[in-house]
Amino acid sequence: GENVEQHPSTLSVQEGDSAVIKCTYSDSASNYFPWYKQELGKGPQLIIDIRSNVGEKKDQRIAVTLNKTAKHFSLHITETQPEDSAVYFCAAKERDDKIIFGKGTRLHILP
Amino acid sequence: SQTIHQWPATLVQPVGSPLSLECTVEGTSNPNLYWYRQAAGRGLQLLFYSVGIGQISSEVPQNLSASRPQDRQFILSSKKLLLSDSGFYLCAWSRQEAGAFFGQGTRLTVV
């Protein structure tokens, strides 16, 4: 089955700088890769996603890249703001619709 | 628009007692449904997922079971809770080749 690895587990960046979170997956049949943001005590919220036929997608300050050959995908947050502090999860969706998550990255935006 | 309801938000149960957590989705038909557990280490562990009524896939052998008695209803149960069942339980729904949308979660403490 699918295995998703996520790095780093914790990331601290200065406000205004960029943050990058990286994930790898094992099942080449996985075809959909969402990213989630989770704030304390709440359920994860979908923030951006990418399908396997696309290499890059951008939504304002957030972008995601996918390298199918290497089986890795990354989340990029530019011009970070205090409200970006949260736990971020990557995930991979298999063809049978099972969704497997990485272990999460706790992002701290420093003032 | 689609909404997902999960209750209760918080639950304290004694060891050996039964458990029933309910999740319902509105505004869509034949969704994929998921139960995840999030322990203190913040990773999201897939427990069960369902692609249709009566179709349940179990990902981790354990003290829990799931049922889908109606198209948009997903129930997580246990006959006898263990201390290790404590955690944050999240229900989610998705469409094919799309991301999952989560409920607000149930924080279960087994005492």
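Please refer to the structure higher up on the page.
The model shown is predicted, which means the values in this text are computed figures rather than measured ones.

Reading guide: rules and limits
Residues numbered from 1 in each chain as written. Chains lettered and ligands numbered in written order. Predicted model: local features only at pLDDT ≥ 70, side-chain atom pairs only at ≥ 80, totals over all residues. Heavy atoms only, no water. Disulfide = S-S within 2.5 Å. Helix = DSSP H or I, 4+ residues; strand = E, 2+ residues; numbered from the N terminus. Buried < 20%, exposed > 50% of the residue type's maximum accessible area, 1.4 Å probe, protein only. Pairing = 2+ DSSP bridges. Axes fitted to C-alpha atoms, helices over the stretch in contact; angles between N-to-C directions.

S.K.: For this particular structure, what's the right way to read the state of the cysteines?
M.R.: Per the counting criterion, the structure on display carries two disulfides over all chains. Disulfide pairing is shown between cysteine 23 of chain A and cysteine 90 of chain A; the S-S distance is 1.9 Å. Linking cysteine 23 of chain A and cysteine 90 of chain A, the disulfide has an S-S dihedral of approximately -100° and is accordingly described as left-handed. Linking cysteine 23 of chain A in strand S3 (residues 19–25) with cysteine 90 of chain A in strand S9 (residues 86–93), this pair joins segments that are 67 residues apart in sequence. In terms of burial, cysteine 23 of chain A and cysteine 90 of chain A fall into one category: buried. There is a disulfide in this structure between cysteine 23 of chain B and cysteine 91 of chain B, and the S-S distance comes to 2.0 Å. Here cysteine 23 of chain B and cysteine 91 of chain B share a disulfide; its torsion about the S-S bond, -75°, makes the bridge left-handed. Of this pair, cysteine 23 of chain B sits in strand S3 (residues 19–26) while cysteine 91 of chain B is found in strand S9 (residues 87–94), placing the two residues 68 residues apart along the sequence. Judged by its relative accessible area of 0%, cysteine 23 of chain B is buried. Given a relative accessible area of 0%, cysteine 91 of chain B falls into the buried group.

S.K.: Would you explain the pairing of strand S7 (residues 62–67) of chain A in this entry?
M.R.: Successive residues of a regular strand alternate their side chains across the two faces of the sheet. All names here are of chain A. Bridge count between strand S6 (residues 56–59) and S7: four bridges; the pairing is antiparallel. When the sheet's bridge partners are listed, lysine 58 is paired in S7 with alanine 63. Hairpin connection between S6 and S7: a loop of two residues separates the two successive antiparallel strands, and glutamine 60 in this loop has a positive phi of roughly 55°. In terms of strand pairing, S7 meets strand S8 (residues 72–77) through six bridges, oriented antiparallel. Across the sheet, asparagine 67 pairs through a bridge with histidine 72, a residue of S8. Where S7 folds back on S8, the antiparallel hairpin that results is connected by four residues, among which lysine 71 adopts a positive phi of roughly 55°.

S.K.: Could you clarify how one ought to interpret the sheet that holds S7 of chain A in this entry?
M.R.: Residue and element names in this part refer to chain A. Pairing is antiparallel in the open sheet, where five strands are placed in the order S1-S3-S8-S7-S6. Of all the strands in the sheet, just strand S1 (4–7) and S6 have a single pairing partner and so form its edges. Direction aside, neighbouring strands of the sheet carry axes that sit 15° apart on average. Across six bridges, the pairing between S3 and S8 is antiparallel. Note that in S8 the partner of cysteine 23 across the bridge is phenylalanine 73.

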